[in-house]
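Structural characterization, general
Residues per chain are reported as follows:
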Amino acid sequence: MNIIVCIKRVPDTADVDIVVDKSGKDIEKSGLVFDLNEWDSYAIEEAIRLKEKLGGTVTVISMGGEDTNESLRKCLAMGADEAIRLTDSAFSGSDGYATAKVLAQAIRRLPYDLILTGTQAEDDGFAEVGVMVAKLLGLPHVSIVTRLEVEDRKLRVHRELEGGLEEVVEVDLPALLTIQTGINEPRYVSIMGIRKVAKKEIRVLGLSELGLQAEEVGLRGSDIELQRFFLPPVGEWAQILEGKPEEIAQRVFEILKDKGGLV
Amino acid sequence: MKEIMVIAEHRQGELRDITYEMLSKGREIAETVGGTLSVVLLGKGIGALAERLLPRAHRVYLIEDERLEFYNSETYERVLLQFLTERKPHLTLIGHTAQGMDFAPALAVRLGWPLATDCIGIEPKDENFTLTRQIYGGKINSEVTFLRKGPFLVTFRSGAFEGKEKEPLSGEIVSLPSPLTDEVLARRFLQFVEAAVGEVDITQADILVAVGRGIKDGENIPLVKELADSIGGVLACSRPVVDKKWLPKACQVGTSGKTVKPKVYIAIGISGAFQHVAGMKGSGTIIAINKDPKAPIFSVAHYGIIGDLFKIVPVIKDKIKELKQK
Ligand SMILES: Cc1cc2nc3c(=O)[nH]c(=O)nc-3n(C[C@H](O)[C@H](O)[C@H](O)COP(=O)(O)OP(=O)(O)OC[C@H]3O[C@@H](n4cnc5c(N)ncnc54)[C@H](O)[C@@H]3O)c2cc1C
Ligand SMILES: Nc1ncnc2c1ncn2[C@@H]1O[C@H](COP(=O)(O)O)[C@@H](O)[C@H]1O
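Here goes a summary of the coordinates provided. (Residues numbered from 1 in each chain as written. Chains lettered and ligands numbered in written order. Predicted model: local features only at pLDDT ≥ 70, side-chain atom pairs only at ≥ 80, totals over all residues. Heavy atoms only, no water.)

1. Looking at the pattern of salt bridges
Residues and elements named next belong to chain A. Condition: Any Lys or Arg side-chain nitrogen found within 4 Å of a carboxyl oxygen on Asp or Glu counts as a salt bridge. When accessible area is computed with a 1.4 Å probe and restricted to protein chains, residues below 20% of their type maximum are described as buried, those above 50% as exposed, and intermediate ones as partly exposed. In this description a helix means any DSSP run of H or I spanning at least four residues, a strand means any run of E spanning at least two, and both kinds are numbered starting from the N terminus.
By the definition in use, this model includes 54 salt bridges over all chains. With a shortest N-O distance of 3.2 Å, K29 and D26 are connected by a salt bridge. In this structure K29 comes out as partly exposed when scored by relative accessible area, which is 32%. For D26, a relative accessible area of 26% translates into the label partly exposed. The salt bridge partner of R203 is E82, with a shortest N-O separation of 3.8 Å. Residue R203 is found in strand β11 (residues 202–205), and its partner E82 is found in strand β5 (residues 82–86); the two are separated by 121 residues along the sequence. On the basis of relative accessible area, R203 is assigned to the partly exposed category, the value being 34%. For E82, a relative accessible area of 39% puts it in the partly exposed group. Each member of the salt-bridge network shares a partner with another, and the members are E45, R49, E52 and R187.

In structure tokens form, the structure reads like this:
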């Protein structure tokens, strides 16, 4: 089974103070730690497990700058066979749709049975790129996948709905799946593992190699244009309990007695 | 006249809240742009649901077919492709739900219409719209506009808009024939499966102690478990804690887990992503412990404690034990 996995390198912003930069259209990125998008780490793990079981190859592909090599290398260290980076100044400003067009154009030339993407990217959270790639390639898709079994030329997958409900769906190959977190446990990659693949070639393709026109991609090829970033209005905010830890603990105790019926 | 179209979402015989949220906001938009509000329902044997939507829209389109009994992106894409191409509504609203996330991007590509996903705000602006999206886990809002001409497609985040009832409209139901044929589909619905029920039912607890990724490691779970025990509370968690198998799925709070309304909800090391908040915002009193003073969880919490959970939680636990003995 030949599998292609789309991955994105994103900043880890869960516990850092995010600042809007001078342009008002981006965040201050210096000092942020970047890593493979959480959802994509599950997608690449799933691909490698399938390869280990059924043979074939895993190709990782990402649209991004040179820094993206770091995440592509991580995937190679996990067990991917090949890495492709899609880089061109014409790609900048791409929204989800323009990104999907670039990815689909690159994938079109590769042999594949299955394409995996994450359900959503931690940064922009469009949750659209995977499904759009599928339609641009004329493939069936299933999104938010939490379980996957291969049966000959078809897959049996579990797709997550709301409230703990799932649906079981059958889909013919070739197909595209968007992977949900928790489907597996992504393997750990050691520094040694990364070092081993440090010399491995990462193929870089741009606009002309892909046979795309500049107006199809980047901002001009997008559906939406960013106007500005702003901090969410503070509105109702928690009353912050301050003081020594013991004093805070005392307050929590009182709240629990008062509101929680603690006896 | 401009038509605002809502694609209704229903499952297992029930209309989902997002449908009402889209209708309520859609009506406001229709009034602003001087247009009409329509809703389209796809399914089988859902006449009663259409009736229920009558007072909420000017027109309720009903497309019934036994092949539409269970949602499937392939049948939805085919039906909606034809329906929307014919009607060309100015704006089509879809839920940013498991269902909408599955077919909206597909529909956008096939129709060639621009799409903005997961919106929490929408304002008509001339022939365009200004949309607000929330990104970076809720820490930044981004304002976007469409670059291409309409018709436009927008998906709404669940709970972002109120689904309140307004003065009833005198709507009409318009039944349309289904364009589906017996073609073989590449994707087929097989069945629903319910998540396994756990030993504990977190929806029944008065006090929930919920832990998130901030706990760092499964080995640290006993720390919050002891706190829960000391106050007679039950352990709950955010999704990553389940993904990493530190706690069972039955403990998960949020859109893909349980919706809870305890008297007190203590969120420890949880950032407050909307999928989590959707499952706990109805709690009586919410206390959040987080080292990031700007964590979005503080915008739903009533009380906040800013600091390292590994320092704070043990002190609270000990103090409560001490005070309870008195
Ligand atoms: C379709 C879909 C469905 C989903 N369903 C759900 C769902 O049902 N439930 C759910 O929870 N999520 C759900 N998610 C995931 C959701 O988007 C978030 O990724 C998740 O809620 C984040 O969990 P978290 O807050 O524990 O982790 P993070 O966002 O990583 O936050 C960790 C927090 O811990 C704090 N912290 C770190 N260390 C410390 C410390 N020492 N002391 C104090 N604080 C600390 C950090 O400041 C941060 O705020 C879903 C996502 C998708 C796409
Ligand atoms: N620049 C990119 N390069 C490769 N894959 C991407 C890129 N952007 C998004 N994706 C893929 O699409 C998924 C969903 O992203 P999004 O639609 O932006 O939320 C991600 O999890 C990735 O698998």
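2. Re the sheet that holds strand β15 (residues 264–268) of chain B
Put simply, the test is: When DSSP finds two or more bridges between a pair of strands, those strands are recorded as paired. By definition, residues are in contact when any of their heavy atoms lie within 4.5 Å. All axes are obtained by fitting lines to C-alpha atoms, using only the stretch in contact for helices, and the reported angles, taken between N-to-C directions, cover 0 to 180 degrees.
One open sheet holds the six strands; their spatial order is β13(A)-β17(B)-β16(B)-β15(B)-β13(B)-β14(B), and the pairing between them is parallel. Sheet topology places β13 (239–240) of chain A together with β14 (234–237) of chain B at the edges, where each strand pairs with a single neighbour. Where β15(B) lies against strand β16 (residues 285–290) of chain B, five bridges are found, and the strand directions are parallel. By the bridge assignment for β16(B), B:I266 is matched with B:I287. Sitting on the sheet, helix α7 (residues 245–260) of chain A touches β13 of chain A together with β13 (207–211), β15, β16 and β17 (303–306) of chain B, and the angle it makes with β17(B) is about 155 degrees.

3. Let's talk about the nonpolar core
Convention followed: Here the nonpolar core consists of buried residues drawn from Ala, Val, Leu, Ile, Met, Phe, Trp, Tyr and Cys, with membership extended through side-chain atoms lying within 4.5 Å.
Formed by 51 residues in total, the largest nonpolar core has its most connected members in A:I61, A:L86, B:V40, B:L80 and B:L84. Considering each element in turn, this core owes the most residues, seven residues, to helix α3 (residues 96–108) of chain A. With near-sequence residues (within four places) excluded, B:L80 lies in contact with B:I7, B:V40, B:L42, B:T85, B:F103 and B:L107. One finds A:L241, B:I221, B:I316 and B:L323 within the second-largest nonpolar core, a separate group that totals 37 residues.

4. Considering the sheet that holds β11(A)
Read across the open sheet, the 10 strands follow the order β11(A)-β5(A)-β4(A)-β1(A)-β6(A)-β10(A)-β7(A)-β8(A)-β9(A)-β12(B); overall the sheet is mixed. A single partner strand is all that each edge strand has here, and the edge strands are β11 of chain A together with β12 (187–194) of chain B. Pairwise comparison of adjacent strand axes, ignoring direction, gives a mean angle of 30 degrees for this sheet. With six bridges joining them, strand β7 (residues 141–151) of chain A and strand β8 (residues 154–160) of chain A adopt antiparallel strand pairing. Paired with A:V145 across the strands is A:R159, a residue of β8(A). Against the sheet, helix α1 (residues 38–54) of chain A touches β1 (3–6), β4 (58–63), β6 (114–118), β7 and β10 (175–179) of chain A, its axis set at about 155 degrees to β6(A).

5. Concerning the site of ligand 1
Heads up, the rule is: A single heavy atom is enough: if one lies within 4 Å of a molecule or strand, its residue is considered near that molecule or strand. For this analysis, a polar contact is any N or O atom pair within 3.5 Å, provided that within protein one partner can donate a hydrogen and the other can accept it, and provided that sequence-adjacent residues contribute only side-chain to side-chain pairs. Shrake-Rupley sampling with a 1.4 Å probe provides the accessible areas, and residues are treated as covered by the protein chains on show and by no other component. Here the term charged refers only to Asp, Glu, Lys and Arg, the term nonpolar to Ala, Val, Leu, Ile, Met, Phe, Trp, Tyr, Cys and Pro, and the term polar to all other amino acids, Gly among them.
Surveying the vicinity of ligand 1 reveals 32 residues, the closest of which are B:S238, B:S256, B:S271, B:Q275 and B:N290. One chain alone does not account for the residues near ligand 1; they come from chains A and B. One nitrogen or oxygen atom from the main chain of B:T255 is found 3.1 Å from an oxygen atom belonging to ligand 1. Here ligand 1, which alone exposes 990 Å², has 94% of that area covered by the protein. Contributing elements (two or more residues each) for the shell around ligand 1: α6 (239–243), α7 (274–277) and α8 (309–325) of chain B. Its residues assigned to classes, the shell around ligand 1 shows eight nonpolar, 16 polar and eight charged.

6. Some points on the side chain of A:D123
Tracing the backbone shows A:D123 in the loop between β6 and α4 (129–136). Here A:K8 takes part through its side chain, which lies 3.2 Å from a polar atom of the side chain of A:D123. Excluding residues that lie within four positions of it along the chain, A:D123 makes contacts with A:K8, A:V10, A:P11, B:I135 and B:Y136.

7. With respect to the site of ligand 2
Residue and element names in this part refer to chain A. The full set close to ligand 2 counts 20 residues, and C6, D40, A121, D124 and A127 are the nearest of them. In the model, an oxygen atom of ligand 2 is placed 2.8 Å from a nitrogen or oxygen of the D124 side chain. Its free accessible area being 480 Å², ligand 2 has 98% of it covered by the protein chains. Of all the elements in the fold, those that place two or more residues in the shell around ligand 2 are β4, α3 and β6. The element best represented in the shell around ligand 2 is β4, accounting for three residues.

8. Things to note about the packing of helix α3 (residues 73–87) of chain B against helix α4 (residues 98–111) of chain B
Residue and element names in this part refer to chain B. The line we're drawing: Convention used here: angles under 35 degrees read as roughly parallel, angles over 145 as roughly antiparallel, angles from 65 to 115 as roughly perpendicular, and any remaining angle as oblique. By definition, any crossing whose near helix is turned counterclockwise from its far helix by less than a right angle is left-handed, and any crossing with a clockwise turn is right-handed.
The N-to-C vectors of α3 and α4 enclose an angle of 50 degrees; their axes lie 10 Å apart at closest approach. Judged by the inter-axis angle, α3 sits oblique to α4. With respect to the hand of their crossing, α3 and α4 are arranged in right-handed fashion. Contacts between α3 and α4 involve S73, Y76, E77, L80, L81, L84 and T85 on the former and, on the latter, Q99, D102, F103, A106, L107, R110 and L111.

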